[in-house]
Amino acid sequence: MSHMWLESLITENAQQGFELAMKLSRMGVKYTQPSDEVRGKLRSSYEENADSLIASSQVVAINFQTVAAANNYWRS
Ligand code: HEM
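Right, let's walk through the structure included here. All figures in this text were calculated on a predicted structure; none of them were measured in a lab. Note that residues are indexed from 1 along each chain, following the sequence as it is written. pLDDT decides what is reported in this predicted model: residues at 70 or higher carry local features, side-chain atom pairs at 80 or more are listed and counted, and totals for whole chains, interfaces and linings draw on all residues regardless. Hydrogens and waters are ignored; side-chain quantities use all the structure's heavy atoms.

## What to know about the overall build of the protein chain
- Counting its secondary structure elements, the protein chain contains 3 helices and 0 strands.
- Each helix is a run of H or I in the DSSP string that is no shorter than four residues. Each strand is a run of E no shorter than two, and both are numbered from the N terminus. Overall, the protein chain shows an N-to-C arrangement of helices and strands of α-α-α.
- For the protein chain, the C-alpha atoms occupy an extent of roughly 45 × 35 × 15 Å along the three principal directions.
- Looking at the protein chain as a whole, 17% of its 76 residues are labelled buried.
- For the protein chain, the exposed area adds up to about 5900 Å²; of that, 54% sits on carbon and sulfur atoms. Partly exposed describes any residue whose relative accessible area lies between the buried limit of under 20% and the exposed limit of over 50%, with all areas from a 1.4 Å probe on protein chains only and scaled to the type maximum. Accessible areas in this description were obtained via Shrake-Rupley with a 1.4 Å probe; residue shielding takes into account the shown protein chains only.

This is the structure in structure tokens:
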């Protein structure tokens, strides 16, 4: 993927950090399965599957840990 989409892990606040974690998670899927068509087909099976949604949330949570650490937990 040539387009630069991740300039920095630093965000202004925790909510933006969470949104970045969502982006990282979705981009992980996109790199893993580059076909829009295949992802589109799989969307309908995961969007109504509780276990898939919990698994997706776990990926987001792991990425959020990284982003939060990079931002020193927005402490200052
Ligand atoms: C849509 C998150 C895994 C394919 C979405 C949306 C979110 C999301 C938040 C809604 C976007 C909106 O309507 O504004 C995630 C997360 C995932 C994940 C956090 C796992 C870490 C997957 C997988 C596939 C997939 C495994 C298929 C291989 C799609 C497609 C859409 C979608 C095709 C609709 C089109 C789009 O908005 O880009 N996803 N998703 N996602 N997801 Fe996922």
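## Quick notes on the packing of aromatic side chains
- Aromatic contacts are taken between Phe, Tyr and Trp rings whose centres are within 6.5 Å, Trp giving its six-membered ring; a plane angle under 30 degrees counts as stacked, one over 60 as edge-to-face, and the others as tilted. By the definition in use, this model includes 3 aromatic pairs.
- Here Phe 18 and Phe 64 contribute two aromatic rings whose centre-to-centre distance is 5.5 Å and whose plane-to-plane angle is 65°, an arrangement assigned as edge-to-face. Of this pair, Phe 18 sits in helix 1 (residues 14–32) while Phe 64 sits in helix 3 (residues 50–70), and the two are 46 residues apart along the sequence.
- Relative accessible area serves as the criterion here: at 25%, Phe 64 is assigned to the partly exposed category.

## Brief notes about the pattern of salt bridges
- Between Lys or Arg on one side and Asp or Glu on the other, a salt bridge is scored when a side-chain nitrogen of the former is within 4 Å of a carboxyl oxygen of the latter. Going through the model one piece at a time under the given rule, you end up with 3 salt bridges.
- Across the salt bridge formed by Arg 43 and Glu 47, the nearest N and O atoms sit 3.2 Å from each other.
- The partly exposed category is assigned to Arg 43, whose relative accessible area is 41%.

## Focus: helix 1
- The length a helix should cover is 1.5 Å for every residue beyond the first. Across its 19 residues, helix 1 extends 27 Å between first and last C-alpha, which sits within 8% of the 27 Å expected from 1.5 Å per residue.
- For helix 1, the set of buried residues is Gly 17, Leu 20, Ala 21, Leu 24, Ser 25 and Met 27. Seen along its axis, helix 1 keeps its buried residues to an arc of 165°; they face one direction. In helix 1, the exposed positions angled more than 90 degrees off the buried face are occupied by Gln 15 and Arg 26.
- Only heavy atoms enter the contact rule, under which two residues are in contact if any of them lie within 4.5 Å. Buried residues in helix 1 make contact with helix 3. By construction, the arc corresponds to the directions joining the helix axis to the C-beta atoms.

## A look at the coordination of the iron atom of the ligand
- In this structure the iron atom of the ligand is ligated by exactly one protein donor, Tyr 46 (OH), at 1.9 Å.
- Mapped onto the elements of the fold, Tyr 46 is located in helix 2 (residues 36–46). Water is absent from the atoms considered, so a metal site may look incomplete; donors are defined as N, O and S atoms within 2.8 Å of the metal, or 3.2 Å for Na, K and Ca.

Geometric values such as these leave the question of function open.
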